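Breakdown of the fold
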2 protein chains.
Amino acid sequence: MKTLWNNSDSQADAPQVLAFDVFGTVVDWHSGIAREVQALRPSVDGGSFALAWRAGYQPTMQRVRSGELGWTRLDELHRLILDGILKDFGLDDLSEAQKQHLNKAWHRLDPWSDVVAGLTRLKTRHTLCTLSNGNIGLLTNMAKRAGLPWDCVLSAEVFRAYKPDPATYLGVAQTFDLAPAQVMLVAAHQDDLAAARACGLQTAYIERAFEFGRAQPKDVSPNPANTRHARDFLALADQLGC
Amino acid sequence: MKTLWNNSDSQADAPQVLAFDVFGTVVDWHSGIAREVQALRPSVDGGSFALAWRAGYQPTMQRVRSGELGWTRLDELHRLILDGILKDFGLDDLSEAQKQHLNKAWHRLDPWSDVVAGLTRLKTRHTLCTLSNGNIGLLTNMAKRAGLPWDCVLSAEVFRAYKPDPATYLGVAQTFDLAPAQVMLVAAHQDDLAAARACGLQTAYIERAFEFGRAQPKDVSPNPANTRHARDFLALADQLGC
């Protein structure tokens with residue numbers, strides 16, 4: 001009886017659009033940034049460098065959210081943070097060209113191993129878009145390099161607001177002329193999912209235990225408030241019948 | 001000598017991003033709209049209906065450009081125009097659901113026969129995006145139905161300006177952090193290409209002689225100001241060495 005009810009319920013409520021958080025959910029930023037900085041300077045502790053760069057992410061976006069900075073693309077925010085940590089890692093002697101190259105390491109991140117196969121299955125029944133604070137160019141370059149089969153690249157840049165601003169989650173629904181409940185946010189971060197849920201979206205939590213590196217696995221325990229909880233994109237495709 | 005010079009020149013100047021006009025260039029709106037209205041009401045002259053609907057396009061966008069209307073997505077402009085012509089074609093008895101369905105016929109247009117194969121070849125060496133006055137949802141639904149392999153869906157909706165506003169052409173270059181000359185607009189309309197050229201973009205004219213139907217072939221003669229002139233997307237792929 002439970003199975004039947006679940007089946008009919010999940011058919012009735014099947015989301016038309018799946019909107020994906022990207023950094024941490026789709027791509028492994030920790031390994032990717034560590035690899036790129038070590039290619040430039042093998043003596044640097046790549047993992048610590050990646051964590052330090054990422055640690056500047058929320059506070060720097062907060063400067064935009066608060067109005068201290070006008071609208072600024074993530075490429076430029078990444079550069080602001082980078083310039084602030086180079087000295088701590090003995091990298092202040094990098095040339096401008098090397099700094100620019102390193103800053104675009106965020107365009108060259110690799111997806112987790114399940115991602116391309118999972119998205120390919122999910123795409124058969126759903127419209128797949130990004131919903132990331134990354135800028136459109138960054139997300140498009142990343143997708144082209146990594147073979148991510150998005151139907152559409154949506155971004156904070158389209159809505160001129162960073163997540164968790166409701167304008168981003170509701171913006172996806174409005175873009176496709178759908179009710180919020182016809183959209184599902186897929187993310188590895190409970191705070192992102194909570195903000196989407198507050199806007200009426202469905203939510204799917206993806207376990208990415210090693211987002212911050214193998215040395216510090218994160219808590220991936222389920223929150224029953226999410227519509228779905230899946231180990232990875234293949235498991236989500238199983239759950240959604242793709 | 002000429003051949004050698006041309007080869008090296010075209011390598012040096014190869015555009016990184018190809019931005020495509022969509023209605024008329026990628027998809028055959030005339031046949032598609034005619035087919036959809038005739039499916040609803042076989043007695044209607046589908047070709048005349050398609051021309052009448054499209055004829056409202058520029059004047060209605062002009063109401064947005066002039067500031068008379070605030071920013072309005074093309075889906076809503078299409079509906080304004082549709083409501084204005086229904087009576088002329090004896091269609092004012094359509095139900096609201098039928099009108100909504102018909103209005104989304106622009107999401108269900110078929111590509112010209114060379115398009116999917118041509119884009120697939122062009123995608124191997126270039127980033128492919130739309131640059132259309134269509135809204136993001138319309139363009140994404142169209143691409144998913146027709147199998148158009150865009151790397152990114154850009155639109156007037158992203159830039160909050162309709163072509164030929166320079167903000168749209170320059171917006172593509174800025175999105176990808178490129179100089180305007182590293183972007184090529186691909187279109188079947190000389191006015192669109194001229195506006196892009198004025199912003200410093202490369203331009204490729206595509207012959208779509210039957211854009212307005214087989215009964216009224218349009219002038220497709222070359223303008224030497226364009227960087228390229230190609231019969232269709234396969235010929236453009238040949239010219240760009242894809």
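The rules behind the values
- Residues numbered from 1 in each chain as written.
- Chains lettered and ligands numbered in written order.
- Predicted model: local features only at pLDDT ≥ 70, side-chain atom pairs only at ≥ 80, totals over all residues.
- Buried ≥ 20, exposed ≤ 12 C-beta atoms within 10 Å, placed from the backbone.
- Helix = DSSP H or I, 4+ residues; strand = E, 2+ residues; numbered from the N terminus.
- Arc of directions from axis to C-beta.
- Contact = placed C-beta atoms within 7 Å.
- pLDDT = per-residue confidence, 0-100.
- Least-squares fit on C-alpha atoms with pLDDT ≥ 70 in both.
- Axes fitted to C-alpha atoms, helices over the stretch in contact; angles between N-to-C directions.
- Parallel < 35°, antiparallel > 145°, perpendicular 65-115°, else oblique.
- Left-handed = near helix turned anticlockwise from the far one by under 90°.
- Nonpolar A, V, L, I, M, F, W, Y, C, P; charged D, E, K, R; others polar.
- Pairing = 2+ DSSP bridges.
- Right-handed = clockwise from strand over helix to strand, strands pointing away.
- Domains from an automatic or database assignment.

**Regarding helix α7 (residues 115–122) of chain B**
All names here are of chain B. Within the sequence span of α7, burial applies to V115, G118, L119 and L122. Down the axis of α7, the sector holding all buried residues measures 95 degrees, keeping them to one side. In this fold, the buried residues of α7 make contact with β1 (17–20), β2 (127–132) and α12 (233–239).

**Considerations on the confidence of the model for chain A**
Residue and element names in this part refer to chain A. In the predicted model, chain A carries a mean pLDDT of 94, and 95% of its residues have values of at least 70. Every residue in residues 1–12 is under pLDDT 50, and counting partners more than four places away or in other chains gives 0 contacts. Across the assembled chains, the prediction reports ipTM 0.92 with pTM 0.93.

**A few points about the relation of the copies chain A and chain B**
For the pair of chain copies, the relating operation is a rotation around an axis with a shift along it. Once chain A is rotated about the relating axis by 180 degrees and shifted along it by 0.0 Å, it coincides with chain B to within an RMSD of 0.0 Å. Each copy turns onto its partner about a two-fold axis. Taken as a fraction of all interface residues of chain A, those also at the interface in chain B reach 100%, which identifies the copy contact as same-surface.

**Points about the packing of helix α5 (residues 74–85) of chain A against helix α6 (residues 96–103) of chain A**
Residue and element names in this part refer to chain A. Two numbers describe how α5 lies on α6: the axes approach to 10 Å, and their chain directions differ by 125 degrees. Here α5 is positioned oblique relative to α6, judged by the angle of their axes. Judged by the twist between their axes, the crossing of α5 over α6 is right-handed. Residue-level contacts link D75, H78, R79 and L82 of α5 to K99, L102 and N103 of α6. Considered class by class, the residues forming the contact of α5 with α6 number 2 nonpolar, 2 polar and 3 charged.

**Considering the packing of helix α2 (residues 29–40) of chain B against helix α3 (residues 46–55) of chain B**
Residue and element names in this part refer to chain B. The N-to-C vectors of α2 and α3 enclose an angle of 120 degrees; their axes lie 8 Å apart at closest approach. α3 is crossed by α2, and the crossing has right-handed handedness. Residues W29, H30, I33, A34, R35, V37 and Q38 of α2 lie in contact with α3, whose contacting residues are G46, G47, F49, A50, W53 and R54. Across the contact of α2 with α3, the residue classes tally to 7 nonpolar, 4 polar and 2 charged.

**Describing the interface of chain A and chain B**
Of the residues lining the interface, 13 residues belong to chain A; the matching set on chain B comes to 13 residues. For the side of chain A that touches chain B, the secondary-structure elements that each account for two or more residues are α8 (136–146) and β3 (152–155) of chain A. Here the side of chain A that touches chain B gets 5 residues from one element, more than from any other, and that element is α8(A). Of the residues assigned to the side of chain A that touches chain B, the class counts are 6 nonpolar, 4 polar and 3 charged.

**Quick look at the pairing of strand β4 (residues 183–187) of chain B**
Residue and element names in this part refer to chain B. Most of β4 sits out of view: 5 of its 5 residues are buried. Covered by surrounding structure in β4 are V183, L185 and A187 together with M184 and V186, the residues of both alternating faces. Two elements, β1 and β4, share 4 bridges in a ladder whose sense is parallel. Across the sheet, residue F20 finds its bridge partner in β4, namely V186. Bridge count between β4 and strand β5 (residues 202–206): 4 bridges; the pairing is parallel. The partner of L185 across the bridge, within β5, is T203. In the classification by handedness, the crossover that spans β4, the intervening helix α11 (residues 190–198) and the parallel β5 is right-handed.

**Quick look at the domain arrangement of chain A**
All names here are of chain A. Taken as a whole, chain A is organised into domain 1 (2–28 + 109–239) and domain 2 (30–107). A separation of 25 Å is found between the C-alpha centroids of domain 1 and domain 2. The partner domain 2 presents 14 residues to the 17 residues of domain 1 that form the contact. Among the elements that line the side of domain 1 that touches domain 2, the one with the most residues is α8, at 3 residues.

**A closer look at the sheet that holds β2(B)**
Whether parallel or antiparallel, the strands of a sheet pair through hydrogen bonds between backbone atoms. Residue and element names in this part refer to chain B. One open sheet accounts for 6 strands, arranged β3-β2-β1-β4-β5-β6; its pairing is parallel. Two strands in the sheet have a free side with no partner beyond their single neighbour: β3 (152–155) and β6 (228–230). Averaged over all neighbouring strand pairs, the angle between strand axes comes to 25 degrees, with direction disregarded. In this structure, β5 lies alongside β6, joined through 3 bridges in parallel fashion. By the bridge assignment for β6, Y205 is matched with H229. Running over the sheet, helix α8 (residues 136–146) touches β2 and β3 and is turned about 145 degrees from β3.

**Regarding unusual backbone geometry**
Residue and element names in this part refer to chain A. A cis geometry characterises the amide bond from K163 onward to P164, with omega recorded as 10 degrees. Its identity is not glycine, yet R160 carries a phi of approximately 55 degrees, on the positive side. In this fold, R160 is placed in the loop between α9 (156–159) and α10 (166–175). Phi angles above zero are rare outside glycine, and D177 is one such case at about 60 degrees. Position of D177 relative to the elements: it lies in the loop between α10 and β4 (183–187).

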